Amino acid sequence: QVQLAESGGGLVQAGGSLRLSCAASGNIYSLHFMGWYRQAPGKERELVAVISSAGTTKYTDSVEGRFTISREVAENTVYLQMNSLKPEDTAVYYCAAARRATLKHDEYDYWGQGTQVTVSS
């Protein structure tokens, strides 16, 4: 079993920055992909960024060049640095982990509780 604990959400003005953290505990060695998804009111959950156990990354087009996903292996923590935030980035952000290589949110095995990110215009 794996537990994911997120932190770092909040309220920021457009153009500002936030950094989200996701600390993993438990059987972390079974994990292959870790990532961030987000869900805005009335919208489906969407991929934001993922990072593999080998360190490769993938971003959704709307955040490419503004967001950076990274990981600190020694701390079992994945980060999402969000710069140049826009009001359309407003959503609940979820940390997720999968035992396989996948981008499909319904194939992720573990989820955090979510953290609210609100970007004001």
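The structure under discussion appears in the preceding block.
Residues numbered from 1 in each chain as written. Predicted model: local features only at pLDDT ≥ 70, side-chain atom pairs only at ≥ 80, totals over all residues. Heavy atoms only, no water.

Right, let's get into the overall build of the protein. Secondary structure summary: the protein contains zero helices and 11 strands in total. Mapped from its N terminus to its C terminus, the protein presents α and β elements in the order β-β-β-β-β-β-β-β-β-β-β. Relative to a compact globule of 121 residues, whose C-alpha radius of gyration would be 14 Å, the protein shows 13 Å and is just as compact. Classification of the 121 residues of the protein by burial places 44% in the buried group. The averaged location of the 12 negative side-chain charges in the protein is 1 Å from the averaged location of its 11 positive side-chain charges. (Helix = DSSP H or I, 4+ residues; strand = E, 2+ residues; numbered from the N terminus. Rg over C-alpha atoms; globule rule 2.2 N^0.38 Å. Buried < 20%, exposed > 50% of the residue type's maximum accessible area, 1.4 Å probe, protein only. Lys, Arg positive; Asp, Glu negative; His and termini not counted. Charge placed at Lys NZ, Arg CZ, Asp CG, Glu CD.)

Time to look at the pattern of salt bridges. A side chain of one charge can pair with a side chain of the opposite charge if their charged atoms are brought near each other. Applying the stated criterion across every chain, the model contains four salt bridges. Note that Glu-46 is salt-bridged to Arg-38, the shortest N-O span being 2.6 Å. A salt bridge links Arg-66 to Asp-89; its shortest N-O distance comes to 2.8 Å. Residue Arg-66 is located in the loop between strand S6 (57-59) and strand S7 (67-72), and its partner Asp-89 is located in the loop between strand S8 (77-82) and strand S9 (91-98); the two are separated by 23 residues in the primary sequence. According to the relative accessible area criterion, Arg-66 is buried, its value standing at 11%. The structure contains a network of salt bridges with shared partners spanning Arg-38, Glu-46, Arg-66 and Asp-89. (Salt bridge = Lys/Arg side-chain N within 4 Å of Asp/Glu carboxyl O.)

So, on to the environment of Gly-9. For Gly-9, the location among the structural elements is in the loop between strand S1 (2-7) and strand S2 (10-13). Owing to a relative accessible area of 33%, Gly-9 belongs among the partly exposed residues under this scheme. Separated by 12 residues in the primary sequence, Gly-9 and Ser-21 place their C-alpha atoms 8.9 Å from one another. When sequence neighbours within four positions are dropped, the list of residues in contact with Gly-9 reads Leu-20, Thr-115, Gln-116 and Val-117. (Contact = heavy atoms within 4.5 Å.)

Now for the packing of aromatic side chains. This structure, assessed with the given rule, holds four aromatic pairs. Judged by centre distance (5.3 Å) and plane angle (70°), the ring pair of Tyr-37 and Tyr-108 falls under edge-to-face. Of this pair, Tyr-37 sits in strand S4 (residues 33-39) while Tyr-108 sits in the loop between S9 and strand S10 (110-111); the two residues are 71 residues apart in sequence, bridging distant segments of the chain. Between Tyr-108 and Trp-111, the ring centres sit 6.2 Å apart and the planes meet at 55°, which makes this aromatic pair tilted. By relative accessible area, which is 28% here, Trp-111 ends up partly exposed. Site record: aromatic cluster; members linked through ring pairs are Tyr-37, Tyr-94, Tyr-108 and Trp-111. Its end group placed over the ring of Tyr-94, Arg-45 keeps NZ or CZ at 3.9 Å from the ring centre. Residue placement shows Arg-45 over the ring face of Trp-111; its charged tip is 4.7 Å from the ring centre. (Phe/Tyr/Trp six-rings, centres within 6.5 Å; stacked < 30°, edge-to-face > 60°. Lys NZ or Arg CZ within 6 Å of the ring centre and 35° of its normal.)

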